[in-house]
Amino acid sequence: MTTMQRRLILCAMAMVAPASQGKHLFILSGQSNMARLDPAASFTPTVEQAFGKEQVIVVKDAMGGQPIHRWYKEWRAADGTRPESTGDLYDRLMANVRPAIAGQEIESVTLVWMQGENDARQGDGEVYADSLRGLRSQLAADMGRTEVFFVIGRISDFDLPNQRFPHWTKVREAQVAMADADPLAAWVDTDDLNDGVNEKGKEIRNDLHMSVAGYEEMGRRFARAAIALIQNKAPQGRGAAGGGKRTDRPNIVFILADDLGWADVGFHGPDIKTPNIDTLAAAGARLESFYVMPVCTPTRCALMTGRYPIRYGRQYNVLRPGSQVGLSLDERLLPQALREAGYATAHVGKWHLGEFDPAYQPRQRGFDHSYGLRFDQKRFTHKPSGGDDMQRNGEPCADEGWLTDLLTREAVRMIEQRDASKPLFLYVAFHAPHTPLECPPEYIKPYAHLGPTRGIYAGMVAEMDVGVGRIVAAVEQQGLRKNTLFIFSSDNGGLTVKGDIASNGPLRGGKGSLYEGGTRAVSFATWDGRIAAGSAITAPLHMVDWYPTLLKLAGA
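First, a word on scope: everything that follows refers to the structure included in this document. (Residues numbered from 1 in each chain as written. Predicted model: local features only at pLDDT ≥ 70, side-chain atom pairs only at ≥ 80, totals over all residues. Heavy atoms only, no water.)

1. Examining the pattern of salt bridges
As enumerated under the stated definition, the model contains 35 salt bridges in all. Between Glu199 and Arg36 there is a salt bridge, and its shortest N-O distance comes to 3.4 Å. In this pair, Glu199 is assigned in the loop between strand 6 (196-197) and strand 7 (203-204) and Arg36 in the loop between helix 2 (32-35) and helix 3 (43-51), connecting sequence segments 163 residues apart. In this structure, the salt-bridge partner of Asp191 is Arg172, at a minimum N-O distance of 2.8 Å. With a gap of 19 residues between them, Asp191 in the loop between strand 5 (185-188) and strand 6 and Arg172 in helix 7 (residues 168-181) connect regions that are remote in the sequence. By relative accessible area, Arg172 is classed as buried at 10%. (Salt bridge = Lys/Arg side-chain N within 4 Å of Asp/Glu carboxyl O. Helix = DSSP H or I, 4+ residues; strand = E, 2+ residues; numbered from the N terminus. Buried < 20%, exposed > 50% of the residue type's maximum accessible area, 1.4 Å probe, protein only.)

2. Thoughts on helix 6 (residues 128-143)
An ideal rise of 1.5 Å per residue puts 22 Å on 16 residues; helix 6 measures up with 23 Å between its terminal C-alpha atoms. Within helix 6, burial applies to Tyr128, Ala129, Ser131, Leu132, Gly134, Leu135, Arg136, Gln138, Leu139, Ala140 and Met143. Packing partners of the buried residues in helix 6 comprise strand 1 (23-30), helix 4 (88-101), strand 3 (106-114), helix 5 (117-122), strand 4 (149-153) and helix 7. Positive backbone phi, at 65 degrees, marks Gly144, one or two positions downstream of helix 6. (Expected span 1.5 Å × (residues − 1). Contact = heavy atoms within 4.5 Å.)

3. Description of the packing of aromatic side chains
In this structure the tally under the stated criterion is 12 aromatic pairs. Between Trp71 and Trp113, the aromatic rings sit 5.0 Å apart at their centres with planes inclined by 90 degrees, giving edge-to-face as the arrangement. With a gap of 42 residues between them, Trp71 in the loop between strand 2 (56-62) and helix 4 and Trp113 in strand 3 connect regions that are remote in the sequence. Side by side, Trp71 and Trp113 carry an identical accessibility label, which is buried. On the numbers, 5.1 Å between centres and 70 degrees between planes, the contact of Phe165 with Trp168 is edge-to-face. An aromatic cluster of at least three residues, connected via ring pairs, comprises Phe254, Trp351, Phe367, Phe425 and Tyr427. Of note, Arg508 hangs over the ring of Tyr515, and the distance from its end group to the ring centre comes to 3.8 Å. Over the aromatic face of Trp262 sits the side chain of Arg520, whose NZ or CZ is 5.0 Å from the ring centroid. (Phe/Tyr/Trp six-rings, centres within 6.5 Å; stacked < 30°, edge-to-face > 60°. Lys NZ or Arg CZ within 6 Å of the ring centre and 35° of its normal.)

4. Description of the side chain of His167
Note that His167 resides in the loop between strand 4 and helix 7. Side-chain polar atoms of His167 contact the backbone nitrogen of Gly125, separated by 2.8 Å. If sequence neighbours within four positions are ignored, His167 has contacts with Ala120, Gly123, Asp124, Gly125, Glu126 and Asn162. (Polar contact = N/O pair within 3.5 Å; in protein donor to acceptor, adjacent residues only side chain to side chain.)

5. Quick word on the sheet that holds strand 1
Judged by pairing direction, the sheet is parallel, and its 5 strands sit side by side in the order 2-1-3-4-5 without closing on themselves. Each having just a single partner strand, strand 2 and strand 5 make up the two edges of the open sheet. Averaged over neighbouring strand pairs, the angle between their axes works out to 15 degrees when direction is ignored. Helix-sheet contacts for helix 4 involve strand 1, strand 2 and strand 3, and the interaxial angle to strand 2 is about 160 degrees. Of the strands in this sheet, strand 4 and strand 5 are in contact with helix 7, which crosses strand 5 at around 145 degrees. (Pairing = 2+ DSSP bridges. Axes fitted to C-alpha atoms, helices over the stretch in contact; angles between N-to-C directions.)

6. Comments concerning the environment of Ala554
Counting through the fold element by element, Ala554 comes out in the segment after helix 16 (546-553). For the pair Ala554 and Arg339, spaced 215 residues apart in sequence, the C-alpha separation works out to 9.8 Å.

7. Some words on the pairing of strand 1
Put simply, side chains in a regular strand alternate between the two faces of the sheet. Burial of strand 1 is extensive: 8 of the 8 residues sit out of reach of the surface. Here strand 1 shows two buried faces, one formed by Lys23, Leu25, Ile27 and Ser29 and the other by His24, Phe26, Leu28 and Gly30. As paired strands, strand 1 and strand 3 are joined by 8 bridges and run parallel to one another. For Lys23, the partnering residue across the bridge sits in strand 3 and is Ile106.

In structure tokens form, the structure reads like this:
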């Protein structure tokens, strides 16, 4: 099974939205750089992949060297004067649009615009932003719609000194300002697309027009920006990634256990009772062939990067407290990508991806909030003694108690005190049931019959199960259950090499082993109304698959 097939399974399991009946109309217009763009090369395939071939209509009509007043009918110069005729190219464009949509139900309309060089040459940058707004309103009125999405290709860095085109910078700034001020608009950067080889085979550098590869990439960027606008409904204006608010984007609560054995949850084995985990799993899909790395750090690297850790030298547990190495700063981590897409991001618990140097710590890697044991701890304990054992956003705090309970309390607080204007990505990385074996005595008592080591381990699992229940309850109390995706997994198999601790039966081996007992993890995903309750996915999946899946769900 290929990586793409695995990711399609996850995307299908957690649908972005019910299929729509209407079609998505994309209108491409502007001057020479749009005229030279072939939508079939990259734009159309990309939007068809997102929405389905039968759900997409693409119409392009552009002409090189033309000012915006040939599209915007109410255009006026800065001194209030108007040309004798305006809007003739717009009329020609609409003459192509109308027959293309005749008899069709249109769900969304997106104007993709690449123009501005002529207005920069003629010194009309002062009125360019107003012209863009007017053009969008003109199209919305003609289409009988209250909203039209607007993707603006910012003219490149061709004449940033403004030597040949006096208002080049002003037009660029107007394009960005208009997009940033309009929640239904986005601008796309083209500064890096005008170097290389053009259609005549000539080497170009910082040219007025794009290279062959540049046009293909420009089409993809336009498409990605349009897709994000449509899926997000009200994105941030900046850049092609989109972002911002969308009511159907899920909150994401990712719960990661540490060294949990395959048979050590109620739905896999008889020894340990985990009623909260079992109930949450039963409400969604059990991932019965979900694979991870055999030890802690590489699995966390895989989750945070969407890439196999061997690609960047993190296939071993080398990122211990006090170590001055960390997960490469060149990697773009999951919380960074989600935050760019408009999510609030919070980390609670274990990190293990670089602690000593602040550059590698959660707050520098995309998390708005971080809470857990101090990174420079020399001795790990499940019972912080207060003082400065714990830290919140890099500052010591005097929280005292059992670690699993402290992490649960912080996770609940993050849910209750979240920014309600944004979806939430909450990453809860429990230390339980990792050694040392210790937890409150009341959790151990029911499992005394399992022996002095496995009994304590079972109590740690039971305490974590209570924490999971409290987190789910907090989501429900905030009215967020129907729009929250819960993901649960262990970072690797349970520890079996140091005695009778975890149980991975019937799988062979355990933590640190490349057998399935070390690499096949307890896992499930639950999203009410989106993932079928009581289902099971038996196809092989891997921790790296969550990164692209979650970004797709986030509209990133």
